[in-house]
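Below are the chains, spelled out letter by letter.
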Amino acid sequence: MRVARSTPALFAAAMIAVLAIYVRLVLFPFESNDYTAFFARWYDFIKANGGLPALRFQFADYNVPYLYLITLLTYLPVPVLAGVKAISVLFDLLLAFFTYKLVALKYPAGWKPFLAAATVILLPTVVTNSAMWGQCDSIYASLGLGGLYYALRSRPYLACVFFGLSLAFKLQVIFILPAVLVLLLLKKLPWAALPVIPGVVLALDIPALLVGADPGQLLSVYTSQIGEYTQLTLNAPNAYQFLSVQVGSDLIRSAGVWFTGALVFVVVLLSVIRRVPLTATRVVHLAALFAILVPFFLPAMHERYFYLADALTVILAFYVPRLWVVPLLVQFASFLSYVPFLFGARGAGTAAVDLKYLAVAMLVALVLVVREFVLDSQVQLNRGQHEQEERPAAHLPEHVRLEEPEGSVNGRA
């Protein structure tokens, strides 16, 4: 893929980066509840216990790769608040970079990749998540987009390295892994590359193991997180905003998990058995669909768990311009769900907009994405049947064979 390196393009990229950083620096002094209750305390504990050797203790519910970054801060002469936020802001830039690369697969020339990257890095959720809240969702999301990009470039092992890095930081990357499963089942990614993902996760545990961390605790960090919250929803604009139950919540939680799994299975199954060509557009479409669908129906979701959907729906809108309203709906629902937690007392603040309305907006976005995916699948199938009728493959001479669709995951995109 050829990337324009003209002076105007480089100047535009520099101006976008400067603007994005300036906006974030304005928000740096804000101390969120999560920062004071978790990140600052983790920093203090690590510093008080000798830096890296402190990781032999169990004092945080995050996986150790993020704690390595916090540990690095304890060795640097930087204020802890600025340091914690700077880590996430650096990955905001990486998120914008892979947004650019993904959109450039469809538009190798022109300004659309720059516009997509600028849009993502200036999204209200992306800005506030790192620079105001001090959260680190940009880390797993940027690495997840990197995995998606390299999968589309037919570099499966590098793709799985990025997926493994993403999974090592946050479990939420599993929201888009069903799209990876479709690539595997349709043989666009080799199964031999799949063990790289857990291999990277395990390899990143090694430094903590060397300083005496408990292997069982390291391996169970995500299972512990899964059972940490019993609420049906934690400010997430999803289906559970419409349920208000006093009893039977455990049963509903279990049913929600199984229902979500069934929906994912159906989408994966239909994508595989219908044999619709897996162009870059369809892979991005699938990833965006799962990024909305899974946290919308899965119980015990936080408001931040639509972060991947925030970015992927922007990318999808550049691939399928008639879906331009989808990222607006997702951003409206996602960002306004942040408000109670950012400005309330441990999530008990008043929502700027009733969370039920935000859930409706997210549902509309999901319906639009699913509808477009189904319609496009039917168009592609009809086109393929027509071409087979017009030109039977068995009689086609080699020089008139059909070319791969634009953006196909065959390495030529």
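Scroll up for the structure.
Heads up: these notes are all about the structure in this document. Keep in mind that this is a model prediction, so the values were computed, not measured. (Residues numbered from 1 in each chain as written. Predicted model: local features only at pLDDT ≥ 70, side-chain atom pairs only at ≥ 80, totals over all residues. Heavy atoms only, no water.)

**Focus on a nonpolar patch on the surface**
Consideration 1: On the surface, Leu52, Leu72, Tyr75, Leu76 and Val78 cluster together into a nonpolar patch covering about 430 Å² of accessible area.
Consideration 2: By secondary structure assignment, the location of Tyr75 is in the loop between α3 (64–74) and α4 (80–106).
Consideration 3: Residue class for Tyr75 comes out exposed when judged on its relative accessible area of 52%. (Patch = residues over 30% accessible without salt bridge, like charges linked within 9 Å, V, L, I, M, F, W, Y side chains within 5 Å. Areas by Shrake-Rupley, 256 points an atom, 1.4 Å probe, with all protein chains shown as cover. Salt bridge = Lys/Arg side-chain N within 4 Å of Asp/Glu carboxyl O. Helix = DSSP H or I, 4+ residues; strand = E, 2+ residues; numbered from the N terminus. Buried < 20%, exposed > 50% of the residue type's maximum accessible area, 1.4 Å probe, protein only.)

**Details of the environment of Leu234**
Consideration 1: Position of Leu234 among the secondary structure elements: in strand β1 (residues 233–234).
Consideration 2: Under the relative-accessibility criterion, Leu234 is labelled buried at 14%.
Consideration 3: When the C-alpha positions of Leu234 and Ser337 are compared, they lie 9.7 Å apart, and in sequence the two are 103 residues distant.
Consideration 4: Excluding its chain neighbours within four sequence positions, the residues that come into contact with Leu234 are Tyr229, Ala300, Met301, His302 and Glu303. (Contact = heavy atoms within 4.5 Å.)

**Structural notes on the packing of helix α7 (residues 137–152) against helix α8 (residues 156–169)**
Consideration 1: At a closest axis distance of 7 Å, the pairing of α7 and α8 adopts a crossing angle of 165°. When the interaxial angle is binned, α7 and α8 end up roughly antiparallel. α7 and α8 meet at a crossing whose hand is left-handed. Where α7 abuts α8, its residues Ile139, Tyr140, Leu143, Gly144, Gly146, Gly147, Leu148, Tyr150 and Ala151 lie against Leu158, Ala159, Phe162, Phe163, Leu165, Ser166 and Phe169.
Consideration 2: Class assignment for the residues of the contact of α7 with α8 results in twelve nonpolar, four polar and no charged. (Axes fitted to C-alpha atoms, helices over the stretch in contact; angles between N-to-C directions. Parallel < 35°, antiparallel > 145°, perpendicular 65-115°, else oblique. Left-handed = near helix turned anticlockwise from the far one by under 90°. Nonpolar A, V, L, I, M, F, W, Y, C, P; charged D, E, K, R; others polar.)

**Focus: the environment of Pro65**
Consideration 1: You can see Pro65 is positioned in helix α3.
Consideration 2: When the C-alpha atoms of Pro65 and Lys170 are compared, they prove to be 9.4 Å apart, with 105 residues separating the residues in sequence.
Consideration 3: With sequence-adjacent residues up to four places away left out, Pro65 is seen in contact with Ala168, Phe169 and Leu204.

**Topic: unusual backbone geometry**
Consideration 1: Although it is not a glycine, Ser154 sits at a positive phi angle of roughly 55°.
Consideration 2: You can see Ser154 is positioned in the loop between α7 and α8.
Consideration 3: Here Ala300, not a glycine, exhibits a phi torsion of approximately 65°, which is positive.
Consideration 4: Assignment of secondary structure puts Ala300 in the loop between α15 (280–297) and β2 (301–302).
Consideration 5: Look at Ala300 and you get buried, because its relative accessible area is 12%.

**Comments concerning the packing of aromatic side chains**
Consideration 1: Within the structure shown, the criterion is met by 21 aromatic pairs.
Consideration 2: Centroid distance Trp111 to Phe114: 5.5 Å. Interplanar angle 45°. Geometry classified as tilted.
Consideration 3: Of the aromatic side chains, those joined through ring pairs into one cluster are Phe38, Phe39, Trp42, Tyr62 and Tyr66.
Consideration 4: The ring of Tyr107 is capped by Lys106, whose NZ or CZ atom sits 5.8 Å from the centre of that ring.
Consideration 5: Note that Arg282 overlies the ring of Phe373, its terminal NZ or CZ placed 4.2 Å from the centroid. (Phe/Tyr/Trp six-rings, centres within 6.5 Å; stacked < 30°, edge-to-face > 60°. Lys NZ or Arg CZ within 6 Å of the ring centre and 35° of its normal.)

**As for the packing of helix α2 (residues 33–48) against α3**
Angle between the axes and distance between the axes are the two parameters that describe a pair of packed helices.
Consideration 1: For the pair α2 and α3, interaxial distance at closest approach is 9 Å and the crossing angle is 65°. As for how α2 packs across α3, the hand of that crossing is right-handed. Two secondary-structure elements touch here, α2 through Phe39, Trp42, Tyr43, Ile46 and Lys47 and α3 through Tyr66, Leu67, Ile70, Thr71, Leu73 and Thr74.
Consideration 2: Looking at the contact of α2 with α3 residue by residue, the class counts come to eight nonpolar, two polar and one charged.

**What to know about the nonpolar core**
Consideration 1: Formed by 122 residues in total, the largest nonpolar core has its most connected members in Tyr66 and Leu312.
Consideration 2: Sorting elements by how many residues they give to this core places α15 first, with 14 residues.
Consideration 3: When residues no more than four places from it in sequence are discounted, the contact partners of Tyr66 are Phe39, Trp42, Val84, Gly134, Cys136, Ile139 and Phe169.
Consideration 4: Ala9, Ala20, Ala96 and Tyr100 belong to the second-largest nonpolar core, a separate cluster that totals eight residues. (Core = buried A, V, L, I, M, F, W, Y, C linked by side-chain atoms within 4.5 Å.)

**Some words on the pattern of salt bridges**
Consideration 1: Under the defined criterion, the tally for this structure stands at five salt bridges.
Consideration 2: With a closest N to O distance of 2.7 Å, Asp92 and Arg24 form a salt bridge. Taken together, the residues span a long stretch of sequence, with Asp92 in helix α4 and Arg24 in helix α1 (residues 7–27) at a distance of 68 residues.
Consideration 3: The buried category is assigned to Asp92, whose relative accessible area is 0%.
Consideration 4: Arg322 serves as the salt-bridge partner of Glu372, at 2.6 Å between the closest nitrogen and oxygen. Of this pair, Glu372 sits in helix α18 (residues 355–390) while Arg322 is found in the loop between α16 (307–319) and α17 (325–343), placing the two residues 50 residues apart along the sequence.
Consideration 5: For Arg322, a relative accessible area of 59% gives the class exposed.

**Observations regarding α8**
Consideration 1: Look at α8: 20 Å from first C-alpha to last across 14 residues, which is about the 20 Å you get at 1.5 Å a residue.
Consideration 2: For α8, the buried fraction is high: ten of the 14 residues fall into the buried class.
Consideration 3: Among all positions in α8, only Pro156, Ala159, Cys160, Phe162, Phe163, Gly164, Ser166, Leu167, Ala168 and Phe169 are buried.
Consideration 4: The secondary structure elements touched by the buried residues of α8 are α3, α4, α7, α9 (177–185), α10 (196–203) and α13 (221–226). (Expected span 1.5 Å × (residues − 1).)

**Description of the side chain of Ser130**
Consideration 1: Position of Ser130 relative to the elements: it lies in helix α6 (residues 124–132).
Consideration 2: Of the polar contacts made by the side chain of Ser130, one reaches the backbone oxygen of Val126; its length is 3.3 Å.
Consideration 3: Dropping the residues within four chain positions of it, Ser130 is found in contact with Arg24, Lys85, Ser88, Val89, Asp92 and Gln135. (Polar contact = N/O pair within 3.5 Å; in protein donor to acceptor, adjacent residues only side chain to side chain.)

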